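Given next are the chains, with one letter for each unit.
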Amino acid sequence: MKILIPPMKTLLISALIVFAVGCSEFNAPTASVTTDEAISYQYPPLDEALAAAEAAGYTVIDFARPTLDDNECDTVSSSRNAVTGQTVNINVAGICKLTIPGSSLPYDMVVTVVAPASCAGVCDFYPHPTQFAGNVEIRWDTRDFVLPEGIEFDEIVPLYVHDDGTIEEVSFVRSENRFITVTTNHFSRYIITSRVGS
């Protein structure tokens, strides 16, 4: 009987370790999603979000970027490893820039910023959902954009798109050097618009 105790003890300890590791997966942070297929299902289809914005009385701004031909409006994205304690900056093709202070990261993750249409001021952020320990900053630099005729910089309004597709204006800072800055503590989709009749 004494001969069987050490192997049984080893087996019992191994089983406890496997159980503990398995249980820890339930509390693990949401895995980062970086593949195009997985990302495409994280938010409502872009055309639905743009239609919802227009139905609510906003004009979606299609930026005429001098560096793009008329037919170039592809999806562009950028991903970075984000490590707690280290500030991360991601700039997507000059469309928008994300800054995450290291103190705001709840855990290490791969962060992806997607501009689903590079000729529009729409940016999606992943992994979604992510709740930060502090604020992150999203900034659009409109100096290199040629706004549509009749739209002034002072009329630009960023919209937040909820997971159910509804939209709302968000608090933002409009600086003299033509930056639009949104501060938030979680990821979502944002659309740059102007109010109809403003």
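Before any of the text, the structure's been laid out above.
Remember, it's a predicted structure, so these values are computed and weren't measured experimentally.

A. Seen up close, the state of the cysteines. This model, assessed by the stated rule, comprises 1 disulfide. Disulfide pairing places cysteine 96 opposite cysteine 123 at an S-S distance of 2.2 Å. On the S-S bond that ties cysteine 96 to cysteine 123, the torsion sits near -115°, and the link is left-handed. Placement of the pair is cysteine 96 in strand β4 (residues 96-100) and cysteine 123 in strand β6 (residues 122-126), with a sequence separation of 27 residues. Exposure remark for cysteine 96: the relative accessible area of 1% places this residue in the buried category.

B. Seen up close, the packing of aromatic side chains. What the rule picks out here adds up to 6 aromatic pairs. Ring centres 6.2 Å apart and planes at 70° place the aromatic pair phenylalanine 125 and tyrosine 190 in the edge-to-face group. Residue phenylalanine 125 is found in strand β6, and its partner tyrosine 190 is found in strand β12 (residues 189-195); the two are separated by 65 residues along the sequence. Residue phenylalanine 125 shares its accessibility class with tyrosine 190, and that shared class is buried.

C. Spotlight on the pairing of strand β8 (residues 156-161). Burial analysis of β8 places 6 of its 6 residues in the buried class, the great majority of the element. Going residue by residue along β8, you find Ile156, Pro158 and Tyr160 tucked away on one face and Val157, Leu159 and Val161 tucked away on the opposite face as well. Bridge count between β8 and β12: 6 bridges; the pairing is antiparallel. Following the sheet pairing, proline 158 is matched in β12 by isoleucine 192. The pairing of β8 with strand β9 (residues 167-169) spans 3 bridges and is classified as antiparallel.

D. Spotlight on the sheet that holds β4. Strands sit in the order β3-β4-β7-β11-β10 across an open sheet of 5 strands; the sheet is antiparallel. Lying at the two open borders of the sheet, with one neighbouring strand each, are β3 (88-92) and β10 (173-174). Bridge count for β3 against β4 is 5 bridges, and the pairing is antiparallel. By the bridge assignment for β4, valine 92 is matched with cysteine 96.

E. Representation of the nonpolar core in the model. Residues Leu98, Ile100, Val111, Phe125, Trp140, Phe187 and Tyr190 are the most contacted members of the largest nonpolar core, which totals 36 residues. It is strand β5 (residues 109-115) that provides the largest number of residues to this core, a total of 5 residues. Counting 12 residues, the second largest nonpolar core, distinct from the first, contains Ala120, Val122, Leu159 and Val161.

F. Quick look at the pattern of salt bridges. This model, assessed by the stated rule, comprises 2 salt bridges. Glutamate 169 is the partner of arginine 195 in a salt bridge, and the nearest nitrogen-oxygen pair spans 2.9 Å. Of this pair, arginine 195 sits in strand β12 while glutamate 169 sits in strand β9, placing them 26 residues apart in sequence. Taking the relative accessible area as the measure of exposure, arginine 195 reaches 39% and is therefore partly exposed.

G. Inspection of the side chain of threonine 130 at higher detail. Within the secondary structure, threonine 130 is located in the loop between β6 and β7 (131-141). Take threonine 130: its relative accessible area is 2%, and that puts it in the buried class. Polar side-chain contacts of threonine 130 include one of 2.5 Å to the backbone oxygen of proline 127. Beyond its immediate stretch of four places on either side in the chain, threonine 130 contacts Tyr107, Met109, Asn185, His186 and Phe187.

Quick notes on the rules
- Residues numbered from 1 in each chain as written.
- Predicted model: local features only at pLDDT ≥ 70, side-chain atom pairs only at ≥ 80, totals over all residues.
- Heavy atoms only, no water.
- Disulfide = S-S within 2.5 Å.
- Helix = DSSP H or I, 4+ residues; strand = E, 2+ residues; numbered from the N terminus.
- Buried < 20%, exposed > 50% of the residue type's maximum accessible area, 1.4 Å probe, protein only.
- Phe/Tyr/Trp six-rings, centres within 6.5 Å; stacked < 30°, edge-to-face > 60°.
- Pairing = 2+ DSSP bridges.
- Core = buried A, V, L, I, M, F, W, Y, C linked by side-chain atoms within 4.5 Å.
- Salt bridge = Lys/Arg side-chain N within 4 Å of Asp/Glu carboxyl O.
- Polar contact = N/O pair within 3.5 Å; in protein donor to acceptor, adjacent residues only side chain to side chain.
- Contact = heavy atoms within 4.5 Å.

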